[in-house]
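Analysis of the macromolecular model
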Amino acid sequence: MNVNIKSFYRSFLVLGFSLFLAGKALAQEHLDIQISGVGATQIPVTIAGFANETVAPQKVTDIIRADLARTGLFRLVGTDAILPESAFIDYPKWKANGADALVVGSVEKTADGKIDVRYRLFDLGKASQLSALSMVAPAPMTRVTAHKIADDIYEKLTGIKGMFATRIAYVVKAGNEYRLEIADSDGEGRQLALRSKEPIISPSWSPDGTKVAYVSFEAKKPVVYVQNLVTRARTVVANYKGNNSAPSWSPDGTKLAVALSKNGYTQIYTVNANGGSLRQLTQTRSINTEPQFSADGKWIYFTSDRSGGPQIYKIGVNGGNAQRVTFGSNYNISPRVSPDGKSLAYISRRNGGFQLYLMDLENGQEMRLSDTARDESPSFSPNGQFIMYATGSGRRGVLSVVSVDGRVRQRLTMKAADVREPSWGPFMK
């Protein structure tokens, strides 16, 4: 089956090259990943070596294997065999090796220098083909192609959409410099979006993945910007008297929710993505901040100290009475709603530590997900199965990822630098 991904590659090839031009200096640095824990059950799968993959800039097989391994949901049954996409499949033989599924593939270079990757996925128990893809893309997009194949495998074997062909944004502090960086979901392919001597905080992806909103202190005060990652053009969205902070996108990408102190007290507002049509939602003599749209766009969750300490509330997108959401401790902040709208991730202070919690919004049941004590800035993966957050390791800031059941953990670190303020981007379309 051929997949129509022309528009996908067109937009992200332009994005990749534009970021590359600004990010060459990052090539020698790395985000290192450590993985611990496994899922409650693991699917045994054999990923055979793709035929002729040395013609591509990266080994497709290695990327796919690494993607699946770091979820903790798959047990990779090793093989040194190289099987092309057209290979005859001896189902009993491969089943006897202990795998439930088999992946085979081929890589070819086309006459115009592009990379043609073809793959097939087989259910060894049912002796049947589950999926087949053929993708032709420019050579620099080989890694993305491999992520897309891993996504297909993940979805066909779990029934849940994958999240490998996504990107993350985060802030690095190295010495006196702050950098807003963009990377693949596995921390590879790091590129520079913004460099500043002043702090950068609160990056937030637009739903289409082409823009990032953030707060920059380059004007010696917090100002909310939206930056187009393709053209690199920046738009000032909020630069009012006082603090302008905490931008988050509406699901349709037309508006941002922001926290402004333009009239004295910090209140929640909405504003068009181009900076127009400012609308105030909260009107209290308290601090209201960290707004986040619900998945359906009908509510805005936010942090407020109106009850005496910071708690999470929600209010309709047109204003009205706010409803309190958290009650489990006297300090709950940084709400993030899951993509399906059923769960809320947040940071709760308990026993002197700041830890990541997850709440079922239907019954209010809470679950602690982290085992660290300096957690901040949670962000859901687009498929809702993992949460990335910032925490501390010694004197450095690092990024951690945890599955929503708490079983699988990853840690992304950078040598001699703090990594903070993660934001998980949407699926690449």
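Let me begin by describing the structure that accompanies this report. (Residues numbered from 1 in each chain as written. Predicted model: local features only at pLDDT ≥ 70, side-chain atom pairs only at ≥ 80, totals over all residues. Heavy atoms only, no water.)

What about the sheet that holds strand β14 (residues 244–249)?
Pairing is antiparallel across the open sheet formed by 4 strands, whose spatial order is β14-β15-β16-β17. With one partner strand each, in any of the chains shown, β14 and β17 (279–280) form the two edges of the open sheet. In terms of strand pairing, β14 meets strand β15 (residues 255–260) through 4 bridges, oriented antiparallel. When the bridges of β15 are listed, Trp-249 appears paired with Leu-256. (Pairing = 2+ DSSP bridges. Helix = DSSP H or I, 4+ residues; strand = E, 2+ residues; numbered from the N terminus.)

Looking at the nonpolar core
Membership of the largest hydrophobic core comes to 41 residues, with the highest contact counts inside it found for Phe-50, Ile-64, Val-103, Tyr-119, Ile-149, Ile-153 and Tyr-170. In terms of residue count, the dominant contributor to this core is helix α4 (residues 142–158) (6 residues). Contact partners of Tyr-119, with chain neighbours within four places excluded, come to Phe-50, Glu-85, Val-103, Val-104, Gly-105, Ser-131, Ala-132, Leu-133, Ile-149, Asp-152 and Ile-153. Counting residues in each nonpolar core, the second largest holds 14 residues, with Ala-169, Trp-205, Val-212 and Val-223 among its members. (Core = buried A, V, L, I, M, F, W, Y, C linked by side-chain atoms within 4.5 Å. Buried < 20%, exposed > 50% of the residue type's maximum accessible area, 1.4 Å probe, protein only. Contact = heavy atoms within 4.5 Å.)

A word on the environment of Asp-418
Within the fold, Asp-418 resides in strand β30 (residues 418–427). A C-alpha to C-alpha distance of 25 Å links Asp-418 and Asn-351, two positions 67 residues apart in sequence. What Asp-418 contacts, discounting residues up to four positions off in sequence, is Val-171, Val-172, Lys-173, Arg-395, Arg-396 and Gly-397. A polar atom in the side chain of Asp-418 sits 2.5 Å from the backbone nitrogen of Gly-397. (Polar contact = N/O pair within 3.5 Å; in protein donor to acceptor, adjacent residues only side chain to side chain.)

Digging into the environment of Ser-36
As for its position among the elements, Ser-36 is in strand β1 (residues 32–36). The spacing of Ser-36 and Glu-218 is 182 residues in sequence and 39 Å in space, taken between C-alpha atoms. Those residues in contact with Ser-36, other than ones at most four positions away along the chain, are Arg-407, Val-408 and Arg-409.

Some details on helix α2 (residues 60–69)
Inspection of α2 places Val-60, Thr-61, Ile-63, Ile-64, Asp-67 and Leu-68 among the buried residues, and these make up the whole buried set. Across the axial projection of α2, the buried residues extend over an arc of 165°, all falling on one side. Buried residues in α2 make contact with β2 (43–47), β3 (74–76), β4 (101–109), β5 (115–123) and α4. (Arc of directions from axis to C-beta.)

Looking at the sheet that holds strand β27 (residues 386–393)
Spatially, 5 strands are ordered β1-β29-β28-β27-β26 in an open sheet, and the strand pairing comes out antiparallel. A single partner strand is all that each edge strand has here, and the edge strands are β1 and β26 (376–380). In this sheet, adjacent strand axes meet at a mean angle of 25° when their direction is disregarded. (Axes fitted to C-alpha atoms, helices over the stretch in contact; angles between N-to-C directions.)

Topic: the pattern of salt bridges
For the structure shown, the criterion picks out 14 salt bridges. Here Glu-177 ties to Arg-195 by a salt bridge, and the two come within 3.1 Å at their closest N and O atoms. Of this pair, Glu-177 sits in strand β8 (residues 177–184) while Arg-195 is found in strand β9 (residues 191–196), placing the two residues 18 residues apart along the sequence. The buried category is assigned to Glu-177, whose relative accessible area is 16%. On the basis of relative accessibility, which here comes to 40%, the residue Arg-195 falls in the partly exposed class. Among the salt bridges present, the one from Glu-181 reaches Arg-190, with a minimum N-O distance of 2.9 Å. On the basis of relative accessibility, which here comes to 0%, the residue Glu-181 falls in the buried class. Given the relative accessible area of 6%, Arg-190 is considered buried. Taken together, the shared-partner salt bridges in this structure form one network comprising Glu-177, Arg-179, Glu-181, Arg-190 and Arg-195. (Salt bridge = Lys/Arg side-chain N within 4 Å of Asp/Glu carboxyl O.)

Focus on unusual backbone geometry
Its identity as a non-glycine residue notwithstanding, Arg-232 has a phi of 70°, on the positive side. Residue classification places Arg-232 among the partly exposed residues on the basis of a relative accessible area of 30%.

Some points on the pairing of β5
Most of β5 sits out of view: 8 of its 9 residues are buried. Where β4 lies against β5, 9 bridges are found, and the strand directions are antiparallel. When the sheet's bridge partners are listed, Lys-109 is paired in β5 with Ile-115. Connecting β4 to the antiparallel partner β5 that follows it, the hairpin turn spans 5 residues, and Gly-113 within it adopts a positive phi of roughly 90°. Of the strand pairs in this sheet, β5 and strand β6 (residues 128–137) are connected by 9 bridges, and their pairing is antiparallel. By the bridge assignment for β6, Arg-120 is matched with Ala-132. Between the antiparallel neighbours β5 and β6 lie 4 residues, among them Ala-127 with a positive phi of about 50°.

All we've got here are geometric facts, nothing functional implied.
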